[in-house]
Amino acid sequence: MLEYDNSAFYYFALATLSFYLFPSYYVITKSFYRAIVGVSPESLGAISRTTAEKKKAEEITAASRGFKQIITPTFVANVVITIFLTSVSVYMANEVMKDGQVNSFDPYRILGIDSRADSK
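Residues numbered from 1 in each chain as written. Predicted model: local features only at pLDDT ≥ 70, side-chain atom pairs only at ≥ 80, totals over all residues. Heavy atoms only, no water.

(A) Seen up close, the overall build of the chain. When helices and strands are tallied, the chain shows 5 helices and 0 strands. Listed by position from the N terminus, the elements making up the chain come as α-α-α-α-α. The proportion of buried residues among the 120 residues of the chain is 21%. Within the chain, contacts between residues at least 6 apart in sequence are counted, and of these 83% link residues at least 24 apart. Here the chain has roughly 9600 Å² of accessible surface; of this, 64% comes from carbon and sulfur atoms. (Helix = DSSP H or I, 4+ residues; strand = E, 2+ residues; numbered from the N terminus. Buried < 20%, exposed > 50% of the residue type's maximum accessible area, 1.4 Å probe, protein only. Contact = heavy atoms within 4.5 Å. Areas by Shrake-Rupley, 256 points an atom, 1.4 Å probe, with all protein chains shown as cover.)

As structure tokens, then:
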């Protein structure tokens, strides 16, 4: 009788979820950093040579800062999905810790034959 190997599924699922979670955490962290700290005017292309340009550059920099810039339906959906998938991955990591032994393929055990039996 074959036994199901849940821990192998959990390892695979954790690896697969990491393809979404790591970039998602990067994007969320980067968005919060830009909302709190802001970005330099040079990175926005707001280089000022005169006082009028300097005032305009300050306005552009101020407009790129703040939480109202990142609170969009797409961003909120990404945060909700990331929180849900993080809780799923924490559950799976906990299950792997409980039973981390991956079953190995043993044809003798599957067929119900003694491993010391003759090959005849």
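(B) Structural view of the environment of Tyr108. In this fold, Tyr108 is placed in helix α5 (residues 107-111). Beyond its immediate stretch of four places on either side in the chain, Tyr108 contacts Ile113, Asp114 and Ser115.

(C) Quick look at the packing of aromatic side chains. Taken as a whole, this structure holds 2 aromatic pairs when the rule is applied. Between Phe9 and Tyr10, the aromatic rings sit 5.8 Å apart at their centres with planes inclined by 55°, giving tilted as the arrangement. A ring pair is formed by Phe32 and Phe75, whose centres lie 5.8 Å apart and whose planes are at 75°; its orientation type is edge-to-face. Of this pair, Phe32 sits in helix α1 (residues 6-36) while Phe75 sits in helix α4 (residues 73-98), and the two are 43 residues apart along the sequence. The class of Phe75 is buried, set by a relative accessible area of 10%. (Phe/Tyr/Trp six-rings, centres within 6.5 Å; stacked < 30°, edge-to-face > 60°.)

(D) Molecular detail of the environment of Thr29. Relative to the assigned elements, Thr29 resides in helix α1. Under the relative-accessibility criterion, Thr29 is labelled exposed at 52%. Side-chain polar atoms of Thr29 contact the backbone oxygen of Tyr25, separated by 2.7 Å. (Polar contact = N/O pair within 3.5 Å; in protein donor to acceptor, adjacent residues only side chain to side chain.)

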